[in-house]
Each structure stands twice: as C-alpha cells, then as structure tokens.
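Here is how the chains run, residue by residue.
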Amino acid sequence: MIKNMIPMSLTTGKLSQNVSTLREQIKITSSEAVTGRQSDVTSHLSGRIGQAMLGQKALTDIANDTGLLDLRGSRLDIMQQTLTHVQENIGDLSTRMQEAIGFGDEMNKGTVARDARLELQSSLSALNARHGQRFLFSGDATSTPPFAGAEQLLGDLQILAAGSADSADFDQQLDAYFNSPDGGWQSTIYQGTASASDSEAVLAIDPAVTQVIRSLAVLSLSEPGGALEGLADPDTARQNAATSLLSGETRLTNLRAEVGIDQKRVADQKLNLEAEKTILTEALDSMTARDQYEAAAELKVLEQNLEASYLLTARLSGLSLLNFLR
C-alpha cells in the first residue's frame, strides 16, 4: 500500500508544476490582453526580428532628427520675435520727424530724438537675444553678446557730425563707418563675427538691421541744439535719417520673410518626419500586435484550467493514509 503512495506524491508535484505554469501563462496573456502587444516579441517575430530592429532604429533616428528640428525651430522663433521687436520700435518716428521738419516744430524734433534714442537702446538690447547660452545675432561668436550698449555708438556719431561740413559730408562718413569692415560699427561696436557657419543665422550687422540702427542713431542726435546743428543743413540730415529709417523698415520686412521661409522649411520637415513616424509605427505595431479579444478568450480558458488544478490539488491534499487504505 505504501508503495502505491509514490505515484500520488508524483501526481501532486506535477499538479503544482502545472499550477505554476498556468499562473505564468495567465500573467503573460493578461498583459497581452491589456496592451495588445506580444509579450515575447523576439520569439513571435522569429526570422523578422532584423526587420523589426531596423524599423525601431529608424524611429529612434526620427526622434533625434525631430529634436534637432525643434531646436532649430525655437532659435528661428526667437530670431523672428527679435526682428519683429526691432521693426515695431521704428513705429511712426520717420513720419513724425518729417512732419516736425515740415512745420518747423522744434519741440517735436526734440521729442522724436528722445524717442529714437529709447528705441535705439531697446533695439540693441533686443539683438542680444539668446537661445539657452547661445547669442543668436553674433555669428559664430555665440558666447558673446553682439552689443554692449548705445553710448559708444552715439559718441562716435557725434564726432563724425562735428567733423562734417554738411549733410552730404556726414552721410559719406556714416557710409564708411557703418558699411566698411574697418568702420567703427563692425570693428568696434559689434562684438560678433563677420560671418556665420549656420546658414540660417542672421547677423546683427545684416544690411537691413544696420540701416535701421544707423537711422535711429542719427535721429537720436537730431534734437535742436544737438550734434547735427553743426552741419550747414541739419534739417536735411534729419530728413535723410527719417527717409532711411522708412527704407530700412522695408528691408527689415524682407529679412523677416527670409527667416519665415526657414521657419516654414523646418515645419515642413517636421511634418514629413511625423508622417514617416506614423508609417513605421503602424508597420511595427502590425508585427508585434496581439489580438486582444483572442488573448481575453485564451485568458478565460487558462483561468478555468487554473481553477480546476487548484480544486484537484485540494482534493488530493485532503487524502489521508486511512482514506487511501479504504
């Protein structure tokens, strides 16, 4: 009789093993029923694992490229906002100065000069815009702000005005100062590089920006009794600055349009990457997908089997030697 108990022990052990196996299968199938994904992707894909790995790498590359585009896009956004701010600073200064000249209104000439100086300082400060630790308008000198302030610039222009006979002479000296690489604007005032390795960069010495700053600076010195009064024709110098400011605003609009084209290009590239991501994701999903309804049905069967195994184990455990002998 005792010898016949050995198979019972073996049976109980096998049942326990089956219970453990069923519980593990239930755990896996339950996860698959919830996520809709194969638990053991490698086993499921078998010979297609290489294809899946290439698809996953492509998705990773897309994520990296999207991150780089986000950085480019945010830099371009800040550049666009800065140029917009500079353009808005122009306001109606040109019109107001021309009206003041036309009516011989000395008080308004002074008011425009004061406002122009404020807007000049605001524009130079705005052009020190950064993206993180990178100054955006300094060319390749990204760790250096392009401008320190308006004081030295205005001081230089006062010296130029004092050494000029008339507005034509003054304009010639301004041309040399602002447009020549050896002029004070590019060699002393501007602290960045004369070029940029980033094709999308805008320099603070871009001709459009330079013309606006130059015009604002001259208008800043146009108050009655100021630096321009030493010229033979100070109102002509004021008129030239006002006209140049209006022209500079148009050039600034064109520059902003160029930045806008770069922004559109980045946005289009992000859309293309998003479309590619969608296609790759759908392909990978189809390779690793698990039918949730099928998994749920299988889970129900497994749970029934587990319940039956528990019941059988309980009955076997309840057998005593006396019951067995009977």
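It should be emphasised that the depicted structure is a prediction, and the values quoted were computed from it without experimental measurement.

Conventions used here
Residues numbered from 1 in each chain as written. Predicted model: local features only at pLDDT ≥ 70, side-chain atom pairs only at ≥ 80, totals over all residues. Heavy atoms only, no water. Helix = DSSP H or I, 4+ residues; strand = E, 2+ residues; numbered from the N terminus. Buried < 20%, exposed > 50% of the residue type's maximum accessible area, 1.4 Å probe, protein only. Contact = heavy atoms within 4.5 Å. Areas by Shrake-Rupley, 256 points an atom, 1.4 Å probe, with all protein chains shown as cover. Salt bridge = Lys/Arg side-chain N within 4 Å of Asp/Glu carboxyl O. Expected span 1.5 Å × (residues − 1). Polar contact = N/O pair within 3.5 Å; in protein donor to acceptor, adjacent residues only side chain to side chain. Axes fitted to C-alpha atoms, helices over the stretch in contact; angles between N-to-C directions. Parallel < 35°, antiparallel > 145°, perpendicular 65-115°, else oblique. Left-handed = near helix turned anticlockwise from the far one by under 90°. Nonpolar A, V, L, I, M, F, W, Y, C, P; charged D, E, K, R; others polar.

Trainee: Could you give an account of the overall build of the protein chain, with specific residues and numbers?
Mentor: Along the backbone of the protein chain there are 12 helices and two strands. The buried share of the protein chain, reckoned over its 326 residues, is 36%. Restricting the contact set of the protein chain to residue pairs at least 6 apart, pairs at least 24 apart contribute 75%. Element-wise, carbon and sulfur atoms account for 54% of the exposed surface of the protein chain, whose accessible area totals about 17800 Å².

Trainee: Before we move on, can you summarise the pattern of salt bridges with the specific residues and values?
Mentor: As enumerated under the stated definition, the model contains 15 salt bridges in all. Lys109 is paired through a salt bridge with Asp235; the nearest N and O atoms lie 2.9 Å apart. Note that Lys109 is positioned in helix 5 (residues 106-126) and Asp235 in helix 10 (residues 234-288), a separation of 126 residues in sequence. Between Asp235 and Arg238 there is a salt bridge, with its nearest N and O atoms 2.7 Å apart. Here Asp235 pairs with Arg238, and both are found in helix 10, just three residues apart, close to one helical turn. Look at Asp235 and you get partly exposed, because its relative accessible area is 29%. Salt bridges linked by common partners bring Glu106, Lys109, Glu229, Asp235 and Arg238 together as one network.

Trainee: Describe helix 5, and please don't skip the residues or the numbers.
Mentor: Here helix 5 spans 30 Å end to end across 21 residues, near enough to the 30 Å set by a 1.5 Å rise per residue. Within helix 5 the residues assigned to the buried category are Lys109, Val112, Ala113, Asp115, Ala116, Leu120, Ser123, Leu124 and Ala126. You can read the cap of helix 5 off the contacts: a side-chain oxygen lies 3.2 Å from the backbone nitrogen of Met107, and it is on Asp105.

Trainee: Any chance you could break down the packing of helix 6 (residues 151-162) against helix 9 (residues 207-220) for me, citing the residues and the numbers?
Mentor: Following both chains from N to C, one finds helix 6 and helix 9 inclined at 70°, their axes separated by 10 Å at the closest point. One way to sum up the angle between helix 6 and helix 9 is to call them roughly perpendicular. The way helix 6 lies across helix 9 gives a crossing that is right-handed. Within the contact between the two elements, helix 6 uses Leu153, Leu154 and Leu157 and helix 9 uses Ile213, Ala217, Val218 and Ser220. The class makeup of the residues in the contact of helix 6 with helix 9 is six nonpolar, one polar and no charged.

Trainee: Which residues make up the side chain of Ser222, and what are the values?
Mentor: In this fold, Ser222 is placed in the loop between helix 9 and helix 10. Looking at Ser222, the relative accessible area reads 0%, which means it is buried. The contacts of Ser222, once residues within four sequence positions are left out, are Met97, Lys109, Ala113, Leu228 and Arg238.

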